[in-house]
Amino acid sequence: MEIVFEYILRGVMEVFFTAEGAFDWLPIAMVFGGLMTGIAIGATPGLNGPFAMALSLPILIWIFGVNDEALLPILGFLIGIMKGATVGGAVPAVLFNTPGTPDAYLTTLDGHPMTKNGQGPKALKVAHFSSVCGDTVSDLVLFVAAPVLAVLIESILDLPEKGALIILSLSFMAAVAGSSPMKGFIVGVLGMLLALVGSTLSGNGPRMTFGIVELGNGLPLTAAILGVLIIGEVFIGLEEEIRKKARKVRSTLDTALGDNTFGWPERRKLLPRIGVSALIGTAIGALPGIGTTLAATLGYDVARRFSKTPEKFGTGHPEGVAATEAANSAVSGANLIPVMSLGIPGNFAAVFIILAVESVGEFTLGPHVFRFTEIKFIEDYGTIINHDLVIAFAMFTLMMLANIMNWTVGGAFLRSLGVLVKVPKSVMLPVVLLITLTAVYAQDGGFIGVWVLLIFGLIGYALKRLDVSILPFVIGFLLSPRLEEYIRGGYSASGGDGLFLLKSPLAVVFIAASILILVLANRRRKIPEEA
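The model shown is predicted, which means the values in this text are computed figures rather than measured ones.

Caption draft 1: Region of interest: the packing of aromatic side chains. Counting across every chain of the model gives ten aromatic pairs. Here phenylalanine 456 and phenylalanine 477 contribute two aromatic rings whose centre-to-centre distance is 5.7 Å and whose plane-to-plane angle is 70°, an arrangement assigned as edge-to-face. Placement of phenylalanine 456 in helix H18 (residues 447-465) and of phenylalanine 477 in helix H19 (residues 471-493) is noted, with a sequence separation of 21 residues between them. Residue phenylalanine 456 shares its accessibility class with phenylalanine 477, and that shared class is buried. One aromatic cluster is present, built from ring pairs that chain together Phe129, Phe262, Trp264 and Trp407. One cation-aromatic arrangement involves arginine 267 over tryptophan 264; the distance from NZ or CZ to the ring centre is 5.3 Å.

Caption draft 2: Broad picture of the packing of helix H7 (residues 120-156) against helix H13 (residues 318-334). Between H7 and H13, the shortest axis-to-axis distance is 7 Å and the interhelical angle comes to 35°. Considering the relative orientation of H7 and H13, their crossing is right-handed. Across the interface between the two elements, Ala123, Val126, Ala127, Ser130, Ser131, Gly134, Asp135, Ser138, Asp139 and Leu142 from H7 touch Pro318, Val321, Ala322, Glu325, Ala326, Ser329, Ala330, Ser332, Gly333 and Ala334 from H13. Taken together, the residues of the contact of H7 with H13 sort by class into ten nonpolar, seven polar and three charged.

Caption draft 3: A look at the environment of methionine 340. Among the structural elements, methionine 340 can be located in helix H14 (residues 337-342). Given the relative accessible area of 1%, methionine 340 is considered buried. Separated by 198 residues in the primary sequence, methionine 340 and leucine 142 have C-alpha atoms spaced 8.7 Å apart. For methionine 340, the contacting residues outside a window of four places in its chain are Leu142, Ala146, Leu365, Gly366, Pro367, Phe370, Ala392, Met395 and Phe396.

Caption draft 4: Quick peek at the confidence of the model for the protein. Per-residue confidence for the protein averages 80 on the pLDDT scale, and 85% of its residues sit at or above 70. Averaged over each element, pLDDT in the protein is lowest for strand S1 (residues 376-378) (53) and highest for helix H2 (residues 26-42) (92). A low-confidence stretch, residues 249-256 stays under pLDDT 50, and its non-local contacts, those more than four residues away or across chains, total 16 contacts.

Caption draft 5: Spotlight on the pattern of salt bridges. Per the stated rule, a full pass over the model turns up ten salt bridges. Residue glutamate 239 pairs with arginine 465 through a salt bridge whose shortest N-O separation is 2.4 Å. Note that glutamate 239 is positioned in helix H10 (residues 221-243) and arginine 465 in helix H18, a separation of 226 residues in sequence. A relative accessible area of 16% means that glutamate 239 is categorised as buried. The partner of arginine 273 in a salt bridge is glutamate 319, and the shortest N-O contact between them spans 3.3 Å. On the criterion of sequence distance, the pair formed by arginine 273 in helix H11 (residues 264-285) and glutamate 319 in helix H13 is long-range, its members being 46 residues apart. Within the structure, one salt-bridge network assembled from shared partners comprises Lys83, Asp135 and Asp139.

Caption draft 6: Broad picture of unusual backbone geometry. Residue aspartate 467 is not a glycine yet carries a positive backbone phi of 60°. Considering the arrangement of structural elements, one finds aspartate 467 in the loop between H18 and H19. Here aspartate 467 falls in the exposed class, since its relative accessible area comes to 51%.

Caption draft 7: Structural detail: H18. Compared with the 27 Å implied by 1.5 Å per residue over 19 residues, the 27 Å span of H18 between its first and last C-alpha is a close match. Within the span of H18, buried status applies to Gly449, Val450, Val452, Leu453, Phe456, Gly457, Gly460 and Leu463. Looking down the long axis of H18, one finds its buried residues gathered within 155° of arc, a one-sided arrangement. For H18, the exposed residues lying more than 90 degrees away from the buried face are Phe447, Trp451 and Leu458. Where H18 terminates, the next one or two residues include aspartate 467, which has phi positive at roughly 60°.

Caption draft 8: Representation of a nonpolar patch on the surface in the model. The grouping of Leu9, Met13, Phe17, Phe23 and Trp25 at the surface amounts to a nonpolar patch, some 550 Å² of accessible area in total. Within the secondary structure, phenylalanine 17 sits in the loop between helix H1 (2-16) and H2. Using a relative accessible area of 32% as the deciding quantity, one classes phenylalanine 17 as partly exposed.

Caption draft 9: Representation of the environment of arginine 10 within the structure. Mapped onto the fold, arginine 10 is located in helix H1. Taking relative accessible area as the criterion, arginine 10 reaches 28% and is therefore assigned partly exposed. Sequence-wise, arginine 10 and histidine 387 are 377 residues apart; in three dimensions their C-alpha atoms are separated by 9.5 Å.

Caption draft 10: Structural context of the environment of alanine 223. As for its placement among the helices and strands, alanine 223 is situated in helix H10. Given a relative accessible area of 0%, alanine 223 falls into the buried group. The spacing of alanine 223 and glycine 449 is 226 residues in sequence and 5.7 Å in space, taken between C-alpha atoms.

Caption draft 11: Representation of the side chain of aspartate 24 in the model. Structurally, the position occupied by aspartate 24 is in the loop between H1 and H2. Within the buried core, aspartate 24 has no salt-bridge partner, and the shortest N-O distance to an opposite charge, that of arginine 10, equals 15 Å. Ignoring any residue separated from it by four or fewer positions in sequence, one finds aspartate 24 in contact with Val15, Phe16, Phe17 and Thr18.

Caption draft 12: Expanded view of the packing of helix H3 (residues 49-64) against helix H4 (residues 68-88). Packing of H3 against H4 leaves a shortest axis separation of 10 Å and a crossing angle of 160°. What the angle tells us is that H3 and H4 run roughly antiparallel. Taken as a pair, H3 and H4 cross one another with a handedness that is right-handed. Contact residues: Gly49, Ala52, Met53, Ser56, Leu57, Leu60, Ile61 and Phe64 in H3; Ala70, Pro73, Ile74, Phe77, Leu78, Ile81, Met82 and Ala85 in H4.

Rules used in this analysis
Residues numbered from 1 in each chain as written. Predicted model: local features only at pLDDT ≥ 70, side-chain atom pairs only at ≥ 80, totals over all residues. Heavy atoms only, no water. Phe/Tyr/Trp six-rings, centres within 6.5 Å; stacked < 30°, edge-to-face > 60°. Helix = DSSP H or I, 4+ residues; strand = E, 2+ residues; numbered from the N terminus. Buried < 20%, exposed > 50% of the residue type's maximum accessible area, 1.4 Å probe, protein only. Lys NZ or Arg CZ within 6 Å of the ring centre and 35° of its normal. Axes fitted to C-alpha atoms, helices over the stretch in contact; angles between N-to-C directions. Left-handed = near helix turned anticlockwise from the far one by under 90°. Contact = heavy atoms within 4.5 Å. Nonpolar A, V, L, I, M, F, W, Y, C, P; charged D, E, K, R; others polar. pLDDT = per-residue confidence, 0-100. Salt bridge = Lys/Arg side-chain N within 4 Å of Asp/Glu carboxyl O. Expected span 1.5 Å × (residues − 1). Arc of directions from axis to C-beta. Patch = residues over 30% accessible without salt bridge, like charges linked within 9 Å, V, L, I, M, F, W, Y side chains within 5 Å. Areas by Shrake-Rupley, 256 points an atom, 1.4 Å probe, with all protein chains shown as cover. Lys, Arg positive; Asp, Glu negative; His and termini not counted. Parallel < 35°, antiparallel > 145°, perpendicular 65-115°, else oblique.

What follows is the structure, given as structure tokens:
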């Protein structure tokens, strides 16, 4: 236990102090800046946390560079955005009945009626309090579950099992993301194939480059993912702007005629409801690919079913706002459990956390991180520690720092952002496009990054228009190199046995589960269509 506390202390010190022992204000300022940015982004219809993280990452890398010292400031800003955007999404839903995401729709059911009753400020206070509570509970579960799960997996799984586990994760994500599991599986495989462009692990030279020398090192990772996520959305938005005039929101915040106090007696009454929803969101968030919509739906439904006054739901009931916001906010921390313990992202926000750590510092998320190596000093080698574990606890520290800031100043900032709802897309989209093009050009070294950005933007646009979830494509593209590493390593370790995956009982179980998940999900989707 003493060694664990030593690593925790080193992680905290990594955030607050430089290597020379001086106080380091930069990570703290970056968390604060990210949190405020995230709240503002969440309060703007059409934007969300992953969108802002995708836009910020290349700019942050351009500013701070690629080195170990840049890792924590960049992670602090991204973590701040991730947490702030979840809270900020309540603003348009509550004040103007314009949810920016499907899960925010549940917030409108009681949040906007409270606004019409003259209790808009109180609804935002309830939303903020519930959201931060759910986020904090989720983070605490992450801090406990991720190390335990990682140590367990590292002790059980070898290369074949890890490869089969990635296949299982991709199959599960294809099954739960989007309207068609087979479409999700196909686009996931497409993402994996495109990730193979460039150099090979075997050292036999570049592959699938079509003679383009600049692709010898592979497709620029950030440009490809930003293209699918951001440029695809921009293309969709521009098309909609051309077809019809953007509907301007003419609503204004109602005069606060009702009771807008929200003291601790009322907060205490909501805590049991918030606690249940937070646990629901945490459990759902730990499963990759499911997302916040299901968490918000279940949180709201459970709250209504077990309420003493279910008839009040939908009429401006604070319990409805609290249940929804606590559930969808609890997903964010829990979504990092498979990232920290397995290196497998479960949502778009987690994708950009992985991109940051792999692009900036010598740190890779996964089960190897949580090896509690004994800290000791050897005269010829210095202090021997697991530096990755120190960074992991530094990440936990940044998350708690963001929560503290959210508790203290986030609510006041949140309630001042109603004006952002009026920003028209015709102004916002060209600005986003210009910033993205500039950032990718600066980071990826010229026009090859821009071309990849635009081509992948067309892929994202096509997937959106075909009603296919983009998440399996992005996760497949991101995990393909790691899957190839595990498969090649397992193949070599087996002495060239082509059936090495089938020689491991656990790998066979994972592969069988992958096939079963896809088959069952596909049959379940067909039943309503036939009915």
